[in-house]
Amino acid sequence: MRLVLVGPPGAGKGTQAQYIASNLSIPKISTGDIFRANVSGGTELGKLAKEYMDRGDLVPDEVTIAMVRDRLSEDDAQDGFLLDGFPRNVPQAEILKKMLAEFGVVLDIVLELVVDEDEVVRRLAGRRTCSQCGRIWHVDFDDKKDDICDACGGSLYQRDDDKEETVRRRLEVYQEQTAPLITFYADEEILVGVDAAGPVEEVTHRAMEALAPYIG
Ligand code: ADP
Ligand code: AMP
């Protein structure tokens, strides 16, 4: 299974990716996670990416695409993968299509997580991430009173780009650059919308139902 999750920042892509990838035994590839690992590791890629991430803008395509090409070439991605956060604009989608054609494969499905903007803002405002295992939490919905990850005991942090100002910019960037992917993949006839409102488990259930016809 080769699948992509799309949806606005805060829709729950990372949260659902954890469960879907594990249910399907495929690697979850999040470009945001790879960039953040490079930022915290102080690499040249991280230094470059941080500038764009802090503003809520997209990291330039050539940098992002080279990074995805390397990741998709790794052994664990040969039999399937779940992409979270890539592609993020139509040029990236076109290059992904070409890249996969070179590998002799195609995308099976693009799941769009559909949720309204008020809910997205609420979700982003309370998002916390584990610095050790990367698990995603929410201060209200998970009733997190401390800053400790219940899964591994690591400390939780708030992402720099979840500040109100940056969130506003990221939502604009989504509308301008990422939302056109919905039409792009609808035209390719591989787009499936999933209602992403309601509890996490319910959304996972709907996503797995949408994927059922594609599971061999
Ligand atoms: P994305 O990867 O699309 O930016 P995340 O998966 O990081 O979104 O989710 C954003 C925030 O919303 C996180 O704090 C997460 O815990 C919370 N969240 C995700 N899905 C739901 C849900 N169905 N209901 C309530 N909160 C959710
Ligand atoms: P995310 O974790 O998906 O919310 O991404 C966080 C930030 O990383 C984005 O706001 C961008 O600055 C950068 N980023 C992630 N994925 C991409 C991508 N496919 N193209 C360009 N920038 C990206």
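Reading the values: rules and limits
Residues numbered from 1 in each chain as written. Chains lettered and ligands numbered in written order. Predicted model: local features only at pLDDT ≥ 70, side-chain atom pairs only at ≥ 80, totals over all residues. Heavy atoms only, no water. UniProt positions renumbered as here; feature names shortened; annotations may be inferred. Salt bridge = Lys/Arg side-chain N within 4 Å of Asp/Glu carboxyl O. Helix = DSSP H or I, 4+ residues; strand = E, 2+ residues; numbered from the N terminus. Buried < 20%, exposed > 50% of the residue type's maximum accessible area, 1.4 Å probe, protein only.

The protein chain has the name Adenylate kinase in an unreviewed UniProt entry, where Planobispora longispora is given as its organism. UniProt's Subunit (unreviewed entry) comment on the protein chain is quoted here verbatim: "Monomer." Per its UniProt entry, the protein chain bears the Sequence similarities (unreviewed entry) comment "Belongs to the adenylate kinase family."

The final tally for this structure, using the stated rule, is 23 salt bridges. Put simply, E164 and R168 hold a salt bridge, and the shortest N to O gap is 3.5 Å. On the criterion of helical spacing, the pair formed by E164 and R168 is a turn pair, its members being four residues apart in helix α7 (residues 164–178). Residues E164 and R168 agree in their burial class; the two are exposed. Each member of the salt-bridge network shares a partner with another, and the members are R127, R159, D161, D162 and R170.

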